[in-house]
Amino acid sequence: SSGINAEYGVSSMAQINSLGDNVEWVDTRPLSYTETFDFATRLPPNNLPLMRRYLRSRPKNTTLFVFCEKGYLAFYGAKDMLKLGWERPIYWFDNGGYPDLKKLALDQ
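A short tour of the structure in this document, coming up.

Conventions and cut-offs
- Residues numbered from 1 in each chain as written.
- Predicted model: local features only at pLDDT ≥ 70, side-chain atom pairs only at ≥ 80, totals over all residues.
- Heavy atoms only, no water.
- Helix = DSSP H or I, 4+ residues; strand = E, 2+ residues; numbered from the N terminus.
- Expected span 1.5 Å × (residues − 1).
- Buried < 20%, exposed > 50% of the residue type's maximum accessible area, 1.4 Å probe, protein only.
- Arc of directions from axis to C-beta.
- Pairing = 2+ DSSP bridges.
- Core = buried A, V, L, I, M, F, W, Y, C linked by side-chain atoms within 4.5 Å.
- Polar contact = N/O pair within 3.5 Å; in protein donor to acceptor, adjacent residues only side chain to side chain.

### Quick look at helix α3 (residues 72–83)
In this model α3 runs 17 Å from its N-terminal to its C-terminal C-alpha over 12 residues, within 8% of the 16 Å that 1.5 Å per residue would give. When we look at burial in α3, the residues that qualify are L73, A74, G77, A78 and M81. The arc that holds every buried residue of α3, seen down its axis, measures 135 degrees, which confines them to one face. Among the exposed residues of α3, those oriented more than 90 degrees off its buried face are Y72 and K83. Two residues or fewer past α3, G85 is found with a positive phi of approximately 105 degrees.

### Let's talk about the pairing of strand β2 (residues 22–27)
For β2, the buried fraction is high: 5 of the 6 residues fall into the buried class. With 6 bridges connecting them, β2 and strand β4 (residues 62–67) associate as parallel partners. The residue of β4 that forms the bridge with E24 is L64. In this structure, β2 lies alongside strand β3 (residues 41–42), joined through 2 bridges in parallel fashion. Opposite V26, over in β3, you have T41 as the bridge partner.

### So, the nonpolar core
The biggest cluster of nonpolar side chains holds 15 residues, and the ones touching the most others in it are V26, L55, L64, V66, M81 and I90. For this core, the secondary-structure elements that each account for two or more residues are α2 (48–56), β4, α3 and β5 (90–94). The element that contributes the greatest number of residues to this core is α3, accounting for 4 residues. In terms of nonpolar packing, the next biggest core, distinct from the first, is built from 13 residues, M13, I16, F37 and F65 among them.

### Section: the environment of S12
Topologically, S12 is positioned in the loop between β1 (2–5) and α1 (13–17). Using a relative accessible area of 18% as the deciding quantity, one classes S12 as buried. Among the polar contacts listed, one links the side chain of S12 to the backbone nitrogen of Q15, at a separation of 3.1 Å.

Shown next, in the form of structure tokens:
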């Protein structure tokens, strides 16, 4: 697992999507944040049963890209996924979040 820092080295959404064969974006913000990407899965914090079901349903070639609003919930979300037995690649967006990623999306 690795943190991807918003301030250093993320220049496009394509760069994020090239982290693996099947990159899935996971939004770990609370559901009170209603705006997100239409291609992202919502896994709010503190819902481990939902997270466990999601992880078990992923294809073997899945790489997870976890993000939140500022970075800390992405880190803790990735940590929870690892505790639940996720053994495949996982990246979290550190020192940034949805607002920074939205800017990248608009630049596409």
